[in-house]
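Residue-level structure breakdown
Listed below are the residues making up each chain.
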Amino acid sequence: MPSSAKILAAVLLASTFVCSHAQAQTVPAVPAATITALADALKDSDAEVRRQAAWALGRIRSEQSVDALIAALRDSDQEVRKQAIWAIGRIRSPKAVDALTAALKDSNIEVRRSAAQALAQIYGHGGGNPNPNPNPNPGTRPF
Amino acid sequence: MASIALRRLGFAAGCLIALAFATPEVSAGRQTPSAKDLSAVIEMLRSPDPVVRVGVACARNVFNASAAAAIPALVELLEDAEPVAPEVCREDHRHWWGEEHAITPGEAAARALVHIGSASVEPLVKTLASPAAVARRNAAWALGALDDQRAVTPLISSLKDRDASVRAQAAWALGAIAN
């Protein structure tokens, strides 16, 4: 019966809409203010602040932070560069491919290795999650 | 020599405190500490001996949602940075930091506040404005570990804190709360 099929389709469509809408409401997105503030913290005078900010942006995984993270690939601190690469790899932003390719020539071997892993993640070859949090500072105690 | 003796003393005191709270009812987790137990705990949190303060704050089974009465005493401890031998906080401390890392009453208090849960959020947010940088840092850590959205806006302000260790801890906390 075409009419019952239509009704079924309508019900299905409605339910998927309702479900996706409900889900969008129950999972609050990270506020844009958080991302902006953390992107600013990538320019902090203290390297540990920059490292933690890059880690946090990698957790948040917002496309909005990619430009700031790409800029952090030129940071003087190698841990900041590594952490920024890890974050970009998690966001899987194709926009960052050129910057990551440049990072393959970084002076530090760990930075180069992270860049290769991040590129693999962006190109969908897994790449895993090699540095879930490589810089836990003594203050950031695991709970 | 003196420091070794002090460590030994700290260890002994820590064991005693752990033993005091390892009564079967409490450690089984079924029964929450009584109001009388809790007032003894609060008194010990204000002990002049840092080993006692850490030892009590570390007593895992004491701090849960029904120990909210201890929140003010724990918040006062957040600025306490006197290092104590890690043995005092044995079990979970050695697991995360290894034997050589000292622990402070402030750090132990931050963890106790996280165990108490949601009721700790507002007092911790207030502590982000404390004059003591150590207290602000420990509060930022606890707010990240508590994973509560109410802390997001105050933590964004802490990214501009005058102390770098507070800024770093706030950045970490914002990442810990996300998702």
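This one's a predicted model, so the numbers in the text were calculated from it and none came from an experiment. (Residues numbered from 1 in each chain as written. Chains lettered and ligands numbered in written order. Predicted model: local features only at pLDDT ≥ 70, side-chain atom pairs only at ≥ 80, totals over all residues. Heavy atoms only, no water.)

Quick look at the confidence of the model for chain B now. All names here are of chain B. The pLDDT averaged across chain B works out to 84; a share of 75% of its residues lies at or above 70. Here residues 1-8 is modelled with pLDDT under 50, and outside its nearest four sequence neighbours on either side it reaches four contacts, counting other chains as well. Every residue in residues 22-30 is under pLDDT 50, and counting partners more than four places away or in other chains gives seven contacts. (pLDDT = per-residue confidence, 0-100. Contact = heavy atoms within 4.5 Å.)

Topologically, Ser-39 of chain B is positioned in helix 3 (residues 35-45). Residues Ser-39 of chain B and Val-125 of chain B, spaced 86 residues apart in sequence, show a C-alpha to C-alpha distance of 24 Å. (Helix = DSSP H or I, 4+ residues; strand = E, 2+ residues; numbered from the N terminus.)

To continue, consider the side chain of Asp-44 of chain A. Relative to the elements of secondary structure, Asp-44 of chain A occurs in the loop between helix 2 (32-41) and helix 3 (47-60). In terms of polar contacts, Asp-44 of chain A uses its side chain to reach the backbone amide nitrogen of Asp-46 of chain A, at 2.8 Å. Dropping the residues within four chain positions of it, Asp-44 of chain A is found in contact with Val-49 and Arg-50 of chain A together with Leu-159 and Arg-167 of chain B. (Polar contact = N/O pair within 3.5 Å; in protein donor to acceptor, adjacent residues only side chain to side chain.)

It is worth spelling out the interface of chain B and chain A at this point. Contact residues are listed per partner, giving 26 residues for chain B and 26 residues for chain A. The tally of links between chain B and chain A comes to one salt bridge. The partner of Arg-167 of chain B in a salt bridge is Asp-44 of chain A, and the shortest N-O contact between them spans 2.6 Å. Counting every contact that joins chain B to chain A gives four residue pairs in polar contact (both at pLDDT 80 or more). Elements supplying a minimum of two residues to the side of chain B that touches chain A: helix 6 (90-97), helix 7 (105-116), helix 9 (133-146), helix 10 (152-158) and helix 11 (164-177) of chain B. The element contributing the most residues to the side of chain B that touches chain A is helix 11 of chain B, with nine residues. (Salt bridge = Lys/Arg side-chain N within 4 Å of Asp/Glu carboxyl O.)

Moving on: the packing of helix 3 of chain A against helix 5 (residues 78-91) of chain A. Between two packed helices, both the angle of their axes relative to each other and the distance between the axes serve to describe the pair. Residue and element names in this part refer to chain A. Here helix 3 crosses helix 5 at 10 degrees, and the two axes come no closer than 8 Å. In this view, helix 3 runs roughly parallel relative to helix 5, as classed from their interaxial angle. Contact residues: helix 3 offers Ala-47, Arg-50, Arg-51, Ala-54, Trp-55, Leu-57, Gly-58 and Arg-59, while helix 5 offers Glu-79, Val-80, Gln-83, Ala-84, Trp-86, Ala-87, Arg-90 and Ile-91. Looking at the contact of helix 3 with helix 5 residue by residue, the class counts come to nine nonpolar, two polar and five charged. (Axes fitted to C-alpha atoms, helices over the stretch in contact; angles between N-to-C directions. Parallel < 35°, antiparallel > 145°, perpendicular 65-115°, else oblique. Nonpolar A, V, L, I, M, F, W, Y, C, P; charged D, E, K, R; others polar.)

So, on to the packing of aromatic side chains. Under the criterion given, the structure shown has one aromatic pair over all chains. Taken together, a centroid distance of 6.3 Å and an interplanar angle of 10 degrees make the contact between Trp-55 of chain A and Trp-172 of chain B stacked. In this pair, Trp-55 of chain A is assigned in helix 3 and Trp-172 of chain B in helix 11, connecting two distinct chains. Taking relative accessible area as the criterion, Trp-172 of chain B reaches 9% and is therefore assigned buried. (Phe/Tyr/Trp six-rings, centres within 6.5 Å; stacked < 30°, edge-to-face > 60°. Buried < 20%, exposed > 50% of the residue type's maximum accessible area, 1.4 Å probe, protein only.)

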